[in-house]
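Okay, here's what each chain looks like letter by letter:
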Amino acid sequence: MKLLTAAEIKKIVIGIVISDGSIDVSKSRFDLYSKEEDYAKYVYSVLTQITGMKVTFKVKYDKRGYTGYRVFTTKHAYWKNLGDKLYCGRKELNKYIVDRIDALALAHIWMCDGYLEHAKNRKLGKVQNIGWFCLESFPKEELEILQEHLQCTFGISSSLIKKPWGFGYRIRIGGENLQKFISLIYNY
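What counts as what
Residues numbered from 1 in each chain as written. Predicted model: local features only at pLDDT ≥ 70, side-chain atom pairs only at ≥ 80, totals over all residues. Heavy atoms only, no water. Buried < 20%, exposed > 50% of the residue type's maximum accessible area, 1.4 Å probe, protein only. Helix = DSSP H or I, 4+ residues; strand = E, 2+ residues; numbered from the N terminus. Pairing = 2+ DSSP bridges. Contact = heavy atoms within 4.5 Å. Salt bridge = Lys/Arg side-chain N within 4 Å of Asp/Glu carboxyl O. Core = buried A, V, L, I, M, F, W, Y, C linked by side-chain atoms within 4.5 Å. Axes fitted to C-alpha atoms, helices over the stretch in contact; angles between N-to-C directions.

Draft legend 1. Spatial organisation of the pairing of strand 2 (residues 29-34). With burial as the criterion, only one face of strand 2 is covered, namely that bearing F30, L32 and S34; the residues R29, D31 and Y33 on the opposite face remain uncovered. As paired strands, strand 1 (residues 22-24) and strand 2 are joined by three bridges and run antiparallel to one another. Paired with I23 across the two strands is F30, which belongs to strand 2. A loop of four residues connects strand 1 with strand 2, the two strands running antiparallel in sequence, and S28 in this loop sits at a positive phi of about 55 degrees. Note: strand 2 against strand 4 (residues 67-73), four bridges, orientation antiparallel. What sits directly across from L32, in strand 4, is V71.

Listed below in structure tokens is the structure:
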């Protein structure tokens, strides 16, 4: 893997922590669980580039027959600084964090918590693709900050769709906006 700049590492980490990753602020540690081995190994290789950080990659076997991969770190000041900006009692999307989301961070949010759905358009009778960000752990107001950022920074319109779990909303991107989004993150 190529050597990344500090800014690139921070963008990757922000994308991961917004989605499936977490920071234990009290212990200044990072943790990620993924079902994708290649992705977990990639995250491991990114984190090993942070000076003085001990990173562990571990295979986890579930009783139900699933295999997952965990990447975690020991205590490090990097997590204290970032955790203070991301957590205020719980993980939150605030203006400070959302303003730092670029194409690289979006790609990692997508790789952790995004998926593509093929759905039939009832009006046209055609199958179309719909992109979903499964970020129900954030309230509607915080997701609206992310939506505004997508629109103002990248020209990508999205909608919030009500879901019966978490805080109850999921971001949906469709049509031409989905094509713009995929073109934006494709290189990552």
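Draft legend 2. Region of interest: helix 2 (residues 37-47). Within helix 2, burial applies to Y39, A40, V43, S45, V46 and L47. Tucked inside the fold, the buried residues of helix 2 contact helix 1 (6-18), strand 2, strand 3 (55-61), strand 4, helix 3 (77-86) and helix 5 (103-113).

Draft legend 3. Structural detail: the pattern of salt bridges. Per the stated rule, a full pass over the model turns up eight salt bridges. Linking R90 and E142 is a salt bridge whose minimum nitrogen-to-oxygen distance equals 2.5 Å. Taken together, the residues span a long stretch of sequence, with R90 in the loop between helix 3 and helix 4 (95-98) and E142 in helix 6 (residues 140-154) at a distance of 52 residues. According to the relative accessible area criterion, R90 is partly exposed, its value standing at 28%. With a closest N to O distance of 3.2 Å, K95 and D99 form a salt bridge.

Draft legend 4. Broad picture of the nonpolar core. Ranked by internal contacts, the top residues of the largest apolar core, which has 50 residues, are I18, L47, I101, F133 and F181. Discounting chain neighbours no more than four positions away, the residues touching I18 are L86, K91, L93, I97, I101, I109, L135 and F138.

Draft legend 5. Quick look at the sheet that holds strand 7 (residues 159-162). Read across the open sheet, the four strands follow the order 5-6-8-7; overall the sheet is antiparallel. Each end of this open sheet is capped by a strand with a single partner; those strands are strand 5 (114-120) and strand 7. Across the sheet, the axes of successive neighbouring strands diverge by a mean angle of 40 degrees, strand direction being ignored. Here strand 6 (residues 127-133) pairs with strand 8 (residues 169-174) via four bridges, running antiparallel. Bridging from a neighbouring strand, G131 pairs with I173 of strand 8. Each of strand 5, strand 6 and strand 8 is contacted by helix 7 (residues 175-185), which is oriented at about 90 degrees to strand 8, the strand it contacts most.

Draft legend 6. Focus on helix 5. Here helix 5 lies mainly inside the structure; ten of its eleven residues are buried. Those residues of helix 5 not exposed but buried are A103, L104, A105, L106, A107, H108, I109, W110, C112 and D113. Those residues of helix 5 that are buried are in contact with helix 1, helix 2, strand 5, strand 6, helix 6 and helix 7.

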